[in-house]
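An overview of the molecular structure
Take a look at the letters that make up each chain.
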Amino acid sequence: MKTIALYNIKGGVGKTATAVNLAYLCAQEGYSTLLWDLDPQGAASFYYRIKSKLKGGADRLVENKDSLTAAIKATDYPLLEMIPADFSLRNLDLLLEGRKKPTKRLRKLLEPLEQQYDYVFIDCAPSISLVSESVFLASDALLIPTIPTTLSLRTLQQIHRYFDDNALDTATLLPFFSMVDSRRQMHRIMVEHPPQKPVPFLQAHIPYLSEIERMGTERKPASAAGSSRSAKAYLALWHELKARLTG
Amino acid sequence: MLTRFDIDPGTPMAILRHQLMSQLACEVVVQRQFPRQLLDTLDWRLYKNGYQLSAEPQGHALLLQLHRLNDDVLISQALCPQRPNFIHDIPSSKLHQLLQPQIEQRRLLTQLSLHVDHSELTVTNHHDKTLARLQLESCRITAPKQVRQAQAHLIFLPLRGYPKQARRIHALLEQQPGLSASHTAALTDYLNTLRIDIHHFDNQASVASSPDQRSDQALKQALLHQLSQMRHHHQPVIDDIDAECLHDYRVAIRRSRTLVKGLPGTLPKSHAQRHLRQLKRLGELTTPVRDIDVILLNLDHYRALLPHDQHPGLAPVEAYLQRERERHHRQLGRQLTSRQHQQWISAYQRFLSQPEHTRTPLPNAKQPIRSQLSQHLWKHYQSILGLGAEISPRSPDEALHTLRKRCKQLRYLIEFGQHLYPTEKIQRIIVLLKKLQDRLGKCQDLHLQITHLGQIEQTLTQQGQPPLATKHALTSLVKQLSAQQQQCRADFLACFEVFASARHRANVKELFNP
């Protein structure tokens, strides 16, 4: 089982849209896939029409090793299942803090699912916290959607520095350009000449597209539209990610 | 929770659909007709493992889906540009990974074709979230033969995480007129309708029924089973389904030869010798094709052993082998379809089907099978110990080949009578014997490959063909395979030590010569 977290300290960069679409494409390829909505906003759950409600809340979720299984719901798409969000996830930091080895908790929770799923995608809340640290340790890859601006690159450097300072594996950091507006010169230049430091960017990028925005209205992955521009962009990202994960 | 229901023949699908829509507040999301192929190997490997692989058109491609038979759960799927014949025709995917160890080198055959009238109903909540699916299908078998009467069923697919709704819908379905719970997979129903016996291609030795059964009776039963294996594989070999088919055919021949020779004095000598000669001839007829298959099946492995720039050097070798294979296969096909061969098969069948005489001059015919078999197994085992003890790192390949043949004979004889002995004890012996055979098999295969690759180079040279790249590639390969052969020899010697150990000898003696 490979675990991929969609993470960035900044919000509104395309984490959820990417998580939703990559999970969909992964399942379409025949892989047993789980999408875990860890963001109390519950946007991923909303897109998949699953109520953002966990029985017993975040409290029960982190309680025992088998608690994730009870929370899983199937989406409308074959081979794709989900752990929906819950507003109580806003307190997840506190709940983890009260436990032994808090940064290892999420990984422990995922262990019983290893035989059930080929891929797990975690849609993270925008923050840097105990929950984030726990996600870092649970993940095989950290996909970092990055809008091609100077400030976003600065945020990437912060994440990289954090990993370095805490002896975490920086090779798991996989930034890619998201919400790329080809009308803007800065965006075009950055995508054409992506920075190689602190970590190289993936080659695939996701353009800014209204069809991705429309996911909120249509409540389904943009990639479900088959040969749309967004579907092709996410497919390219998925293939590049898969190649990186499988060596 | 049962997920499958048969729809009574007297209940039209449209009426059932209408009833369900009104009772469950569900809607039809899909309604279409299409052909569905159910794919499996000649020996039904997927079905025996509890799976069904189906292929349905989706756009310009085929959607392959692997379902679990007992609960219709979708395990994986993949889009394939065209109908796959072998595993390498399926794009690299989860489905490919799941199928590879099951089907290996076997061809995927269209075992059944169906015309499907399919509708899917979804039960949703107020967010339009699907809570359950109901698939109604009327399937008419169109191949291997047309069946006029369609079989209709309903598959209930509750989505995970909505147990209350699932229970409610299931309760309603159980009470629904026109529906009855089904305890068998649809594919099992189709097989029953067509009276297809999937065990035709089970390549297991038959077993004697009881320890006191007459030896000649037990032997003939086993030989009849092997003959039926040969008959079932006869046409697939001629049609060249896949390399495994020919291999299984040859195994049936070898088992037959071992059984006839392995219990002397049990069958009339002149008949036994006549049929042995024919079996030997049949084995020899199939050898050239099999030898070429072994090399062709190893080509990817050879490429992996060579540096990338030497890969093109193997292309003339592959082309030559394909031509030779075709030639030998045509020859084999002619022999198998000849009147002479058919006459022998009929004569052999008649001989094996003759009832045993109450009074027989044959010294061992009426002996209880277990005691006779045990004697021969013990003798075989002793001879293997003797042959194996003489093998050293410098022994000629022929010595290992002889030992390998003897081990195979022992194994076939054991498998013939394995139910006559305590299961755990006989399995221990079989497991060790298999390990020894594996090592010997690898050594022998490497020896054959090295020999054949050398012969291929000579032949191509005589034909004025091989480019320098091919010579280099073959030289490089032979060198590497020879190194592997040395390692293999060392592995075998270590394995034989365990096989010949005092402890194992005591186990074998306890069973066969107490």
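All of these numbers come straight from a predicted model, not from anything done at the bench.

**Observations concerning the overall build of chain A**
- Scanning chain A for helices and strands turns up 12 helices and eight strands.
- In terms of overall size, chain A behaves like a compact globule, its C-alpha atoms giving a radius of gyration of 17 Å where 247 residues would be expected to give roughly 18 Å.
- Dimensions along the principal axes, computed over C-alpha positions, put chain A at roughly 50 × 40 × 35 Å.
- Looking at the 247 residues of chain A, the share that counts as buried comes to 57%.
- Taking the contacts inside chain A whose residues are at least 6 apart along the sequence as the reference set, 81% of them involve residues at least 24 apart.
- Looking at chain A as shown, the accessible area adds up to about 10,900 Å², and 49% of this sits on carbon and sulfur atoms.
- Charge-centre separation for chain A: the mean point of 31 positive side chains lies 2 Å from the mean point of 26 negative side chains.

**What about the sheet that holds strand S7 (residues 173-180) of chain A?**
Residues and elements named next belong to chain A.
- Taken in spatial order, the eight strands make up an open sheet running S3-S4-S2-S5-S1-S6-S7-S8, and their pairing is mixed. The strands lining the two open edges of the sheet, one partner per strand, are strand S3 (73-74) and strand S8 (205-207).
- As paired elements, strand S2 (residues 33-37) and strand S5 (residues 119-123) share five bridges and run parallel to each other. For Thr33, the partnering residue across the bridge sits in S5 and is Tyr119.
- Contacts from helix H1 (residues 15-28) reach strand S1 (2-6), S2, strand S4 (80-83), S5, strand S6 (141-146) and S7 within the one sheet, and its direction differs from that of S5 by about 165°.

**Details of the confidence of the model for chain B**
- Taken over all residues, the pLDDT of chain B has a mean of 92, while the share at 70 or more is 98%.
- Here the predicted complex carries an ipTM of 0.89, next to a pTM of 0.88.

**Some words on the nonpolar core**
- In terms of nonpolar packing, the biggest core is built from 87 residues, with Met230, Ile414, Phe492, Phe499 and Phe512 of chain B touching the most fellow members.
- With 13 residues, helix H14 (residues 423-462) of chain B is the single largest residue contributor to this core.
- Discounting residues that sit within four places of it in the chain, Met230 of chain B has contacts with Tyr249, Ala252, Ile253, Ser256, Leu279, Leu282, Trp344 and Ile345 of chain B.
- Listed in part, the 45 residues of the second largest apolar core include Leu6, Leu22, Tyr77 and Leu143 of chain A.

**Regarding unusual backbone geometry**
- Of note, the amide linkage connecting Lys197 of chain A to Pro198 of chain A takes the cis form, showing an omega dihedral of 0°.
- Checked against the element boundaries, Pro198 of chain A lands in the loop between helix H9 (185-192) and S8.
- Cis geometry is adopted by the peptide bond preceding Pro144 of chain B, which originates at Ala143 of chain B and carries an omega value of 15°.
- Along the chain, Pro144 of chain B turns up in the loop between strand S7 (130-143) and strand S8 (151-158).

**Here's the deal with the sheet that holds strand S4 (residues 61-68) of chain B**
Residues and elements named next belong to chain B.
- With antiparallel pairing, the nine strands of this open sheet are ordered in space as S5-S4-S3-S2-S6-S7-S8-S1-S9. Only two strands of the sheet have a single partner each, and these edge strands are strand S5 (74-80) and strand S9 (179-181). Mean inter-strand twist for the sheet, computed between neighbouring axes without regard to direction, equals 30°.
- Pairing geometry for S7 and S8, over eight bridges, is antiparallel. Bridge pairing links Gln135 to Ile155 in S8.
- Across the sheet, helix H3 (residues 94-103) lies against strand S3 (51-58), S4 and S5, angled at about 105° from S5, the strand it touches most.
- Packed on one face of the sheet, helix H4 (residues 163-175) meets strand S1 (4-7), strand S6 (109-124), S7, S8 and S9 and runs near 160° to S8.

**Looking at the side chain of Thr41 of chain B**
Residue and element names in this part refer to chain B.
- Along the chain, Thr41 turns up in the loop between strand S2 (26-40) and helix H2 (45-48).
- Classification of Thr41 by relative accessible area gives buried; the value is 0%.
- Engagement of the side chain of Thr41 in a polar contact is seen with the backbone nitrogen of Arg45, the distance being 3.0 Å.
- Thr41 has contacts with Ile103, Arg106, Arg107, Leu109 and Gln111, leaving out every residue within four places of it along the chain.

**Focus on the side chain of Asp86 of chain A**
Residues and elements named next belong to chain A.
- Within the secondary structure, Asp86 is located in the loop between S4 and helix H5 (92-97).
- For Asp86, the side chain forms a polar contact with the side chain of Ser88, separated by 2.7 Å.
- Among residues more than four places away in sequence, those in contact with Asp86 are Pro40, Ser52, Lys53, Leu54 and Gly57.

**Some points on the interface of chain A and chain B**
- If you look at the interface, chain A gives 23 residues, while chain B gives 16 residues.
- Summed over both sides, the interface between chain A and chain B buries roughly 1,500 Å², with carbon and sulfur atoms accounting for 41% of that surface.
- Note that Lys94 of chain B and Asp118 of chain A form a salt bridge whose closest N and O atoms lie 2.5 Å from each other.
- Elements supplying a minimum of two residues to the side of chain A that touches chain B: H1 and S3 of chain A.

**Some remarks on the packing of aromatic side chains**
- On inspection of all chains with the given rule, the structure shows 18 aromatic pairs over all chains.
- For the ring pair Tyr24 of chain A and Tyr77 of chain A, a centre distance of 5.2 Å and an interplane angle of 85° mean the geometry is edge-to-face. Highlighted residues: Tyr24 of chain A in helix H1 and Tyr77 of chain A in the loop between S3 and S4, separated in sequence by 53 residues.
- Classification of Tyr24 of chain A by relative accessible area gives buried; the value is 8%.
- Ring centres of Trp344 of chain B and Tyr348 of chain B lie 5.2 Å apart, and the angle between their planes is 10°; on these two criteria the pair is classed as stacked. Within this pair, Trp344 of chain B and its partner Tyr348 of chain B are both found in helix H11 (residues 339-353), separated by four residues, close to a single helical turn.
- Taking relative accessible area as the criterion, Trp344 of chain B reaches 3% and is therefore assigned buried.
- For Tyr348 of chain B, a relative accessible area of 1% corresponds to the buried category.

**Remarks on a positive patch on the surface**
- Positive charge collects at one region of the surface, where Lys100, Lys101, Lys104 and Arg107 of chain A lie side by side.
- As for its position among the elements, Lys104 of chain A is in the loop between H5 and helix H6 (105-110).

Rules of the game
Residues numbered from 1 in each chain as written. Chains lettered and ligands numbered in written order. Predicted model: local features only at pLDDT ≥ 70, side-chain atom pairs only at ≥ 80, totals over all residues. Heavy atoms only, no water. Helix = DSSP H or I, 4+ residues; strand = E, 2+ residues; numbered from the N terminus. Rg over C-alpha atoms; globule rule 2.2 N^0.38 Å. Buried < 20%, exposed > 50% of the residue type's maximum accessible area, 1.4 Å probe, protein only. Contact = heavy atoms within 4.5 Å. Areas by Shrake-Rupley, 256 points an atom, 1.4 Å probe, with all protein chains shown as cover. Lys, Arg positive; Asp, Glu negative; His and termini not counted. Charge placed at Lys NZ, Arg CZ, Asp CG, Glu CD. Pairing = 2+ DSSP bridges. Axes fitted to C-alpha atoms, helices over the stretch in contact; angles between N-to-C directions. pLDDT = per-residue confidence, 0-100. Core = buried A, V, L, I, M, F, W, Y, C linked by side-chain atoms within 4.5 Å. Polar contact = N/O pair within 3.5 Å; in protein donor to acceptor, adjacent residues only side chain to side chain. Buried area = accessible area lost by both parts, 1.4 Å probe. Salt bridge = Lys/Arg side-chain N within 4 Å of Asp/Glu carboxyl O. Phe/Tyr/Trp six-rings, centres within 6.5 Å; stacked < 30°, edge-to-face > 60°. Patch = residues over 30% accessible without salt bridge, like charges linked within 9 Å, V, L, I, M, F, W, Y side chains within 5 Å.

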